[in-house]
Protein chains: 2
Amino acid sequence: MLFSKLLRRRSVILLSAYFLLHPQTPSLAQRPLPIMPLPAHAVQGTGILPLNSGLQVRIDGYTEPRLERARDRFLVHLAAETGILPVPAQPGDRPTLVVKTAGPSAPVQQLGEDESYHLEVTPTGATLTAPNPLGALHGLQTFLQLVHTTPQGFAVDAVTIDDQPRFPWRGLLLDAGRHFMPLGTVRQTLDGMEAVKLNVFHWHLSENQGFRVESKTYPLLQEKGSDGLYYTQEEIRGIIAYARDRGIRVVPEFDMPGHATSWFVGYPELASGKGPYQIERKWGVFDPAMDPTRESTYQFLDRFFAEMTALFPDAYFHIGGDECNGQERDANPRIQQYMRQHNIKDNAALQAYFTARVQKLVTKRGKVTIGWDEVLQPDTPKDVVIQSWRGQKSLAQAAIGGNRGILSTGYYIDLSEPASRHYAVDPLEGATASLTSEQQKLILGGEATMWSEFVTPENVGGRIWPRTAAIAERLWSPQDVKNVDSMYARLAIVSEKLNDFGQTYKAEYEQMLNRLSGRQASPALKALASVVEPPKEYDRADLSRNHYSYTPLNRLVDAVPPESDRAREFRDLAHRIASGGASPADFQQAREWLTLWRDNDAALQPQLPKSELTAELAPLSRNLSQAATIGLAALDSIEKHQPVESAQEQAAALKQLKTPQATLLNMIVPGVEELVAVSRP
Amino acid sequence: MLFSKLLRRRSVILLSAYFLLHPQTPSLAQRPLPIMPLPAHAVQGTGILPLNSGLQVRIDGYTEPRLERARDRFLVHLAAETGILPVPAQPGDRPTLVVKTAGPSAPVQQLGEDESYHLEVTPTGATLTAPNPLGALHGLQTFLQLVHTTPQGFAVDAVTIDDQPRFPWRGLLLDAGRHFMPLGTVRQTLDGMEAVKLNVFHWHLSENQGFRVESKTYPLLQEKGSDGLYYTQEEIRGIIAYARDRGIRVVPEFDMPGHATSWFVGYPELASGKGPYQIERKWGVFDPAMDPTRESTYQFLDRFFAEMTALFPDAYFHIGGDECNGQERDANPRIQQYMRQHNIKDNAALQAYFTARVQKLVTKRGKVTIGWDEVLQPDTPKDVVIQSWRGQKSLAQAAIGGNRGILSTGYYIDLSEPASRHYAVDPLEGATASLTSEQQKLILGGEATMWSEFVTPENVGGRIWPRTAAIAERLWSPQDVKNVDSMYARLAIVSEKLNDFGQTYKAEYEQMLNRLSGRQASPALKALASVVEPPKEYDRADLSRNHYSYTPLNRLVDAVPPESDRAREFRDLAHRIASGGASPADFQQAREWLTLWRDNDAALQPQLPKSELTAELAPLSRNLSQAATIGLAALDSIEKHQPVESAQEQAAALKQLKTPQATLLNMIVPGVEELVAVSRP
């Protein structure tokens, strides 16, 4: 009797807890789990597993040190998200998560290795089953993300999950060439990747601006090409082990024949030009390129590959191959003569010749070659993997020709695009959608790319996260997981979790914002910062032509997230108002925000001249005020059903306000534009 | 001509920059440097040293690896506070800080070693001169703190500083016994100590709740007494080296004969009772204590000291000695008989006997004994150093008897007192003020104590910092540096700097606050959090009698800083209003805040039941609203010059509102009380 009373009581509490936590959701059945990436298959159960008295983890059956370290890390992260300290062992008083793993993973993580797991959570305990530790690692991350706050304390809702990834290659490229990324940053990046089940760390290790790996065979590479900023081989082995612990492969990239000036500082004989060479201090595509016509080039690369393929155990080896402008070759009579002698008709053909030679050297070391789009030529061997920065079209072309491919177009997280735009890009949509299913199997997945012209270790976290979680979901979850509102709702939760688990981008944002004024940022500065974004695509680069590689990245544009949550919320609000679907609360909220933004300038202007870093924000602050004033007029007009006579001029004015100021965009403008559009006579 | 124009222009700009930055300061001469601790002597120069093109550091004369590491760390911290990346070497284009050190420091840092330095900053460069690396370390920290934001970019104002500490012993005790503090936390603590020139890390390593050092001689100490949470000897050597790099001595404490239950789990024969013993899981003073009547106890300690005095190179060795309640001894007939046989009249005498024996064992190993107040007995040898937790009186008593002393009374940072209260405590005021100057020389300095009943690695940073900077100033700066307003103004700046240099307490506060509701904390929750404080002195302990050592410290009381800046600002404001010195802006600000606080409850209450951790805040939120309502009525009365008839009842109501709720104090009450007091008829 008491028992059934308790049971009934619990379900009442649960139901109310559910509605409090998810007031907007119409029914339990439709509610997505608050996690990213969403699992392939999940059935929600009844009740919750309470965690307030702690949780013990027991590894049943097969185990290995990696799994035990994963358990320890799991417990640390669980403590971080709950604040519940591990209780000294007292058998039987805490629920148990049992981890059952059938057997070992491959000694070196393989592409396509089984990553599946089965997780069952009931009100009395949880079981995680996986064929190998790789799946178990993923399942532990799912459990951590499922932990949430309830009126009864921290808990996981009962659920049964069967999960596995859609694509086997889910990568993140970190460019350590342009701005060096220290070990701590690399480790932190791997931590974040683990949390969202990304499994390939693509380490871009050489660039015009820096060669970042210790070579014992050719030590002048790092000695003259890195400004002292490089990874020792021991450090690299440490990172590879760290990544393996987290279910992540490490694929190195040595970009050639272009993007290679830093190699030539120590070894000018590798280049097509005369030299001497200096490390590049600007951004862009530069003329220097390896000389594809000399045997000594291939001898050098052969010995270099011998060293590097031994250092990096992964089966794949990236040789870059992008953006070689051919200038140095055109200017070198010896190369021109070689081309004529060998019937090489143009620079593209010369590049094809180089790629073919290099690919053989990679194959000789037992590795599979990856390269950017440009390496795909009519004769490219079938086992070369194409990484596309040009789009699904070139990926489809590769697949038709029998080459495997990885999509990076649309996943360029350095271009400050919203998460929704990346989320909308699917490796099997567009040109690849019409491939046969056999051809589609050649599309291995995708990779987010964190190019580092405009990031340093300080702000790189806020450029990668949380947006990359949306890309991770695209690559892991079923193709029909596409609801953008759901994605953003879960992204906000995952962002909190990422910070619980050791990402520091929120704190770094605060610090950078405080530094602008030399004191704690004022509410007015914060209000401005919360609705501006860096310019999109290559506009940032265009506006930063005078940048050197060491130009400080300490301005507001460097601090703010690539996507403003507040501006997105306002745009959604404006859209509801413009389309007639707004509630009175929506109108009130819009008015409140617009009033705040209109009046913000008066508070902010007197503060700005005190610091060189805030002085440049004066026009942007005025811009925000102007846009908000127009928005308020439009709102008045809509509420009073009185058209605004000057709406056309206002639309023109808004167009002006879209011009970047202090290299920043006022992101309330699109929402205001929508309001103005419906206020026209 | 152009040159003098430029010069004139610069001074105009500088002057305006100065007034913009320090609008409240009447004259340049009176402006204290924005640093903590304030130097012994400083003369401000003319002009600024601009840092926007970077800074190079050159070590002239004597150097050693420690100094070179300090330079590297300096450059990293400079980059963190400015966001200016180190520019690749291009001779002559950047100003230089020249560091000139005459010769080496002592191989093991000594008490009273010369810590002085001379720093000269001019518009063209800077020079730091010191007799040894210890002084140079301090000077580098001063330089970092001097960096500030100007309309021309980051800069240091021209200045000449001659600096040295007032006291040679400036310590911070970290209690790793009650809650274990991992290596990262210890290192972070040392980083903060370096920034504010503290020079003794007092490591409280054994407690009833845990024995935290690996002993190879008696391995059951850590194996049975630590729950697996202890430092290996290698880790300890690492910390000692890390501290030495930062000019900090490491003094270990092994507390005995009480506070030692954890020893007895593995070695029950050491105790005065029967055993068996378990690690204590509650807080308080416990009965178990070492048996001072058996020779085997001293044999054990002799071998233990042999091991530990070799591990810790510092000349001082802390044996605790506090709070032994004598219960176990009273209950042991064998001990009672021993006391009768040896004419030991009571437990105090027994403790004196024990201390004398232990002190001899410490001396035998070439170390100087330190102990808490209780070790001071009529026969205590003159070289024993007394650390006082009871007050200046016992320190004076020690000095009169010829013993040296360290003050900790008034520096108990675990008791959630405001910085101003610690700042007001001086080792040479009160009972010690009337000592002869020879006796005063026996007062070595002081130590802040971070006892860890109610802190974990997560929130310990926010308990130590920034308040401990005020204690550091008390111990370093001249005795007449006492202005509380200046202290708070500089404390806010130093708090920003500490975060630039790697403290994470601001971020941890945000994370803990977010965790309360499972999402980003709402503005209403933040508003409440910003004006509450943990109860003072031992009230927190009294309200937490049901706590176990593993009780989660994840509530609002654990997250908020011990001192609310906003509440202090309001109290100051209320004081100006009550005393007739308020401006119209003061009145407006008070009304704005009080209105916000009054209305906050309505926004917050609906959110609170959603999480177990916020549910308990409902009464506190109402409390804030009630106090603010009373405050607004008082404000009306003052502005209208109409006495409030019910002022007496309101005063009584406010008294009620001072009762802690959810173990938290509503800190706007004192300010409101002051307003109500002047609104009485």
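Refer to the structure above for everything that follows.
## Notes on the overall build of chain A
Point 1. Along chain A, the regular secondary structure elements total 27 helices and 18 strands.
Point 2. Relative to the 2.2 N^0.38 estimate, which gives 26 Å for 681 residues, the radius of gyration of chain A is 27 Å and therefore close to what a compact globule would have.
Point 3. For chain A, the residues scored as buried account for 59% of the 681 residues in total.
Point 4. Taking contacts inside chain A between residues at least 6 apart in sequence as the whole, the part at least 24 apart equals 75%.
Point 5. Roughly 25,900 Å² of accessible area belongs to chain A as shown, and the carbon and sulfur atoms make up 55% of that amount.

## Some remarks on the interface of chain A and chain B
Point 1. On the side of chain B, 51 residues touch chain A, which itself brings 51 residues to the contact.
Point 2. Of all residues in chain A, Leu85, Tyr550 and Lys610 of chain A bury the most surface against chain B, accounting for 17% of the area lost on that side.
Point 3. Counting every contact that joins chain A to chain B gives zero salt bridges.
Point 4. Inspection of the region where chain A meets chain B yields 14 residue pairs in polar contact (both at pLDDT 80 or more).
Point 5. Among the elements of the structure, α2 (65–82), β6 (148–150), β7 (153–163), α17 (484–500), α18 (505–517) and α24 (612–615) of chain A are those that each provide at least two residues to the side of chain A that touches chain B.
Point 6. Among the elements that make up the side of chain A that touches chain B, the one with the highest residue count is α18 of chain A (seven residues).
Point 7. Considered class by class, the residues forming the side of chain A that touches chain B number 20 nonpolar, 20 polar and eleven charged.

## Overview of the packing of aromatic side chains
Residue and element names in this part refer to chain B.
Point 1. According to the stated counting rule, one finds 51 aromatic pairs over all chains in the structure shown.
Point 2. Ring geometry for tyrosine 298 against phenylalanine 354: centres 6.0 Å apart, planes inclined by 45°, an arrangement best described as tilted. Of this pair, tyrosine 298 sits in helix α8 (residues 295–311) while phenylalanine 354 sits in helix α11 (residues 347–364), and the two are 56 residues apart along the sequence. Pair check on accessibility: tyrosine 298 and phenylalanine 354 agree, each one buried.
Point 3. Considering the side-chain rings of tyrosine 338 and tyrosine 353, the 6.3 Å spacing of their centres and the 50° angle between planes classify their relative orientation as tilted. One end of the pair, tyrosine 338, is in helix α10 (residues 333–341); the other, tyrosine 353, is in helix α11, with 15 residues separating them in the sequence.

## Looking at the packing of α2 of chain A against helix α3 (residues 133–146) of chain A
Residue and element names in this part refer to chain A.
Point 1. Packing of α2 against α3 brings their axes to within 10 Å, and their N-to-C directions diverge by 5°. The pairing of α2 with α3 is recorded here as roughly parallel in orientation. Where α2 abuts α3, its residues Arg66, Leu67, Ala70, Arg73, Phe74, His77, Leu78 and Glu81 lie against Pro133, Leu134, Ala136, Leu137, Leu140, Phe143 and Leu144.
Point 2. In terms of residue class, the contact of α2 with α3 is made up of eleven nonpolar, one polar and three charged.

What counts and what doesn't
Counting starts from 1 at the beginning of each chain's written sequence and moves along it residue by residue. Think of it this way: whatever chain is written first is A, whatever ligand is written first is 1, and the rest follow in order. In view of the model being predicted, local features appear only for residues whose pLDDT reaches at least 70, and side-chain atom pairs are presented and counted only at 80 or more, with totals across whole chains, interfaces and linings using the full set of residues. Only hydrogens and water are set aside when side-chain values are computed; all heavy atoms of the structure are taken into account. By definition, any uninterrupted DSSP run of H or I lasting at least four residues is a helix, any uninterrupted run of E lasting at least two residues is a strand, and each is numbered from the N terminus. Both definitions apply: the radius of gyration is a C-alpha atom measure, and the globule rule equals 2.2 Å times residues to the power 0.38. We call a residue buried when its accessible area falls under 20% of the maximum for its residue type, exposed when it is over 50%, and partly exposed in between, using a 1.4 Å probe and counting protein chains only. Whether two residues are in contact is decided by their heavy atoms: any pair within 4.5 Å suffices. We get accessible surface area from the Shrake-Rupley algorithm with a probe of 1.4 Å; when it comes to residues, only the shown protein chains can shield them. In this description, buried area is defined as the sum, over both parts, of the accessible area (probe of 1.4 Å) that is lost when the two are combined. Salt bridge, as used here, is a side-chain nitrogen of Lys or Arg placed within 4 Å of a carboxyl oxygen of Asp or Glu. Any N or O atom pair separated by 3.5 Å or less is treated as a polar contact, with the protein-specific requirement of one donor-capable and one acceptor-capable atom, and with residues adjacent in sequence counted only for side-chain atom pairs. For this classification, Asp, Glu, Lys and Arg are treated as charged, while Ala, Val, Leu, Ile, Met, Phe, Trp, Tyr, Cys and Pro are nonpolar and the rest, including Gly, are polar. Stacked, tilted and edge-to-face pairs are distinguished by plane angle, under 30 degrees for stacked and over 60 for edge-to-face with tilted covering the rest, among Phe, Tyr and Trp rings (Trp via its six-membered ring) whose centres lie within 6.5 Å. Each axis is a line fitted through C-alpha atoms, taken for helices only over the stretch in contact, and angles between the N-to-C directions span 0 to 180 degrees. The cut-offs work like this: below 35 degrees is roughly parallel, past 145 is roughly antiparallel, 65 to 115 is roughly perpendicular, and the gaps in between are oblique.

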